Amino acid sequence: MTFTEKYAAEIEGIIARFPHKKSAVLPLMHLAQHYYGYMSDDAMREVAAILDLDPTHILSLAGFYTLYYEEPVGKYVLEICNDLACALRGADQFVEMACNKLEVGVDETTADGLFTIKTVMCLAACDRAPMLQCNLKFEEHLDEAKFDALLARLREQAAAETIETSVVEKITAYAKSGNQVSVIGNR
Ligand code: FES
């Protein structure tokens, strides 16, 4: 089953929220990525076909926005902000600690396929630095103890095969609200 077939109703609902269907490109890319795990060639081709866009347009968006992954990633993507405000609150040391703890480098995935570490630019939570975003959810005021607790919670979730909040629900909510920060940031 393709992404287009599985999410036919959601795709139709998202497109209906916009005056021009091409404007639905970002939420549809999120949905395609959720299905394929990353913006694979198939994901890009399908989204392009749905919206009558050239696949190279999807490729350029995937390369521009950090929330789209051009390579396979782990079940949980730990996107650690190391922009100025977070750097001033120890983000670089936090990244080093996280990489050492998970025995991976930045842009690498743990051998069990659970975690990928990435560094990202400001996520607009500077007053809660250092912080990271994991699968569209902010984790703030971080230190090593909180990071340990986060890893333990995510490992528990993965073992139980539960997802704390439906990614699909978030994507469709985003399309309805038009307010990316309140939904994607999960404040
Ligand atoms: S600099 Fe990290 S959230 Fe703004």
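First, a word on scope: everything that follows refers to the structure included in this document. (Residues numbered from 1 in each chain as written. Predicted model: local features only at pLDDT ≥ 70, side-chain atom pairs only at ≥ 80, totals over all residues.)

## Description of helix H7 (residues 91–102)
The condition is simple: A helix here means a DSSP run of H or I that spans at least four residues, while a strand means a run of E at least two residues long, and both kinds are numbered starting from the N terminus. Between the first and last residue of a helix there are one fewer steps than residues, each counted as 1.5 Å, and that sum is the expected span. Partly exposed residues are those whose C-beta has more than 12 but fewer than 20 other C-beta atoms within 10 Å; 20 or more makes a residue buried and 12 or fewer makes it exposed, with C-beta atoms placed from the backbone. Directions pointing from the helix axis toward each C-beta atom define the arc. Placing a C-beta atom from the backbone of each residue, one calls two residues in contact when those atoms lie within 7 Å.
In a regular helix each residue adds 1.5 Å, so 12 residues correspond to 16 Å; H7 covers 16 Å between its end C-alpha atoms and thus fits that length. All buried positions along H7 are accounted for by Ala91, Phe94, Val95, Ala98 and Leu102. Projected down its long axis, H7 shows its buried positions confined to an angular sector of 100 degrees, all on one face. Exposed side of H7, more than 90 degrees from the buried face: Glu96 and Asn100 are the residues found there. Turning to H7, the residues buried within the fold contact strand E1 (76–81), helix H6 (84–88), strand E2 (115–120) and helix H8 (144–160). Residue Glu103 follows H7 closely and has a positive phi angle near 55 degrees.

## Some details on the packing of helix H4 (residues 41–51) against helix H5 (residues 55–64)
What counts here: For helices, the fitted line uses only the C-alpha atoms of the stretch in contact; every axis is such a line through C-alpha atoms, and the angle between N-to-C directions lies from 0 to 180 degrees. Relative orientations are named as follows: roughly parallel for angles under 35 degrees, roughly antiparallel for angles over 145 degrees, roughly perpendicular for angles from 65 to 115 degrees, and oblique for any other angle. Left-handed describes a crossing whose near helix is turned anticlockwise from the far helix through less than a right angle; right-handed describes the clockwise counterpart. As a working rule, the residues Ala, Val, Leu, Ile, Met, Phe, Trp, Tyr, Cys and Pro are called nonpolar, Asp, Glu, Lys and Arg charged, and the rest polar, with Gly in that last group.
One way to put it is that H4 packs onto H5 with a least axis distance of 8 Å and a crossing angle of 120 degrees. Regarding the angle of H4 to H5, the classification is oblique. Here H4 and H5 pass one another in a crossing that is right-handed. Listed contacts from H5 to Met44, Arg45, Val47 and Ala48 of H4 are Pro55, His57, Ile58, Leu59 and Ala62. Split into classes, the residues belonging to the contact of H4 with H5 amount to seven nonpolar, one polar and one charged.

## Remarks on the sheet that holds E2
Where we set the bar: Pairs of strands are assigned from DSSP output, requiring at least two bridges between the strands.
Taken together, four strands build an open sheet; the order of strands is E2-E1-E3-E4 and the sheet is mixed. The strands lining the two open edges of the sheet, one partner per strand, are E2 and strand E4 (137–139). Averaged over neighbouring strand pairs, the angle between their axes works out to 25 degrees when direction is ignored. Of the strand pairs in this sheet, strand E3 (residues 132–134) and E4 are connected by three bridges, and their pairing is antiparallel. In the strand pairing of E4, Cys134 is matched with Lys137. Against the sheet, H7 touches E1 and E2, its axis set at about 155 degrees to E1.

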